[in-house]
Amino acid sequence: GVIIPGARAALARSKNLRIGVIGTNATIKSQAYNREILARNDQAQIFVRPCPLLVPLVEEGWTSHSVTLSVIHEYLEPMLRRNIDTLVLGCTHYPLLKKLIRSVAGKNVTLVDSAETCARYVLERLGHLKLLRGPRKNEGKIYPCVTDDTERFEELAAKFLKGNLEPAVRV
């Protein structure tokens, strides 16, 4: 999961242990980040905020739109008033908004990209288990399976994913 690496990174980077977490309604309601952070340091103070409008804005391609910036301001201002020094981007869509989130949060708030920390964790674990493959001669391919509109996915994937992308298959 993405929770444990994200929680670890937030604690490692926070200086004042005042950590903000933004995510989907389901992620915030699950309290998964709260549990993982507090299990590692019970002195941490966690401020959470569901941000349900951000996913559709990303999926609309509005990653630098003024409306998206206004929504981010609305969501982050209460956390910033709580003096957080670290903000966990608890949804895989949110890193696509890093530039706008950074502009609102300011340079004194460390952003923790949960997808990035998860990828680093997987790389570390595979290396530890000696399961990493050496340099490849051929670039791999991405075979996307989606539960929604394949055309819309392919439009967005062309913007955000790099590499050989096969046509999406609806499952």
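So, here is what we can say about the structure in this document. These numbers were taken from a predicted model, which means no experiment stands behind them. (Residues numbered from 1 in each chain as written. Predicted model: local features only at pLDDT ≥ 70, side-chain atom pairs only at ≥ 80, totals over all residues. Heavy atoms only, no water.)

**Overview of the overall build of the protein chain**
Check the secondary structure of the protein chain and you find eight helices and eight strands. Along the first, second and third principal axes, the C-alpha set of the protein chain runs to 45 × 45 × 30 Å. The buried share among the 171 residues of the protein chain stands at 36%. Pairs at least 24 residues apart make up 70% of the contacts formed inside the protein chain by residues separated by at least 6 positions. (Helix = DSSP H or I, 4+ residues; strand = E, 2+ residues; numbered from the N terminus. Buried < 20%, exposed > 50% of the residue type's maximum accessible area, 1.4 Å probe, protein only. Contact = heavy atoms within 4.5 Å.)

**Some details on helix 6 (residues 98-105)**
Along helix 6, the positions that sit buried rather than exposed are Leu100, Ile101, Val104 and Ala105. All buried residues of helix 6 lie within an arc of 125° about the axis, which places them on one face of the element. Its buried side turned inward, helix 6 meets strand 1 (18-23), helix 5 (66-80), strand 3 (86-89) and strand 4 (110-113). Positive phi shows up at Gly106, right after helix 6, with a value of about 90°. (Arc of directions from axis to C-beta.)

**What about the layout of surface pockets?**
What the largest pocket holds in volume is close to 540 Å³. Surrounding the largest pocket, 15 residues form its lining, Glu59, His93, Phe153, Leu156 and Ala157 being those nearest its centre. Where the lining of the largest pocket is concerned, the elements lending two or more residues are helix 4 (54-59) and helix 8 (150-160). Among the elements that line the lining of the largest pocket, the one with the most residues is helix 8, at five residues. Split by residue class, the lining of the largest pocket holds eight nonpolar, three polar and four charged. (1 Å grid on protein atoms, 1.4 Å probe; cavity = no way out; pocket = protein on both sides within 12 Å on 5 of 7 lines; lining within 4 Å. Points joined across faces, edges and corners; volume = space filled by probe spheres on them. Nonpolar A, V, L, I, M, F, W, Y, C, P; charged D, E, K, R; others polar.)

**Regarding the side chain of Thr68**
Structurally, Thr68 is set in helix 5. A polar atom in the side chain of Thr68 sits 2.6 Å from the backbone oxygen of Trp62. Sequence-distant contacts of Thr68, defined by excluding residues within four places in its chain, comprise Leu57, Trp62, Leu97 and Leu100. (Polar contact = N/O pair within 3.5 Å; in protein donor to acceptor, adjacent residues only side chain to side chain.)

**Digging into the pairing of strand 3**
Neither face of strand 3 is left uncovered, since the one carrying Thr86 and Val88 and the one carrying Leu87 and Leu89 both have all their residues buried. Here four bridges tie strand 1 to strand 3, and the two strands are oriented parallel to one another. In the sheet register, Val21 faces strand 3, and the bridge partner there is Val88. Of the strand pairs in this sheet, strand 3 and strand 4 are connected by four bridges, and their pairing is parallel. (Pairing = 2+ DSSP bridges.)

**A short note on the pairing of strand 1**
Among the six residues of strand 1, five are classified as buried, and the element is accordingly described as predominantly covered. Pairing analysis gives six bridges linking strand 1 to strand 2 (residues 45-50), with the strands arranged parallel. If you follow Gly23 over to strand 2, its bridge partner there is Pro50.

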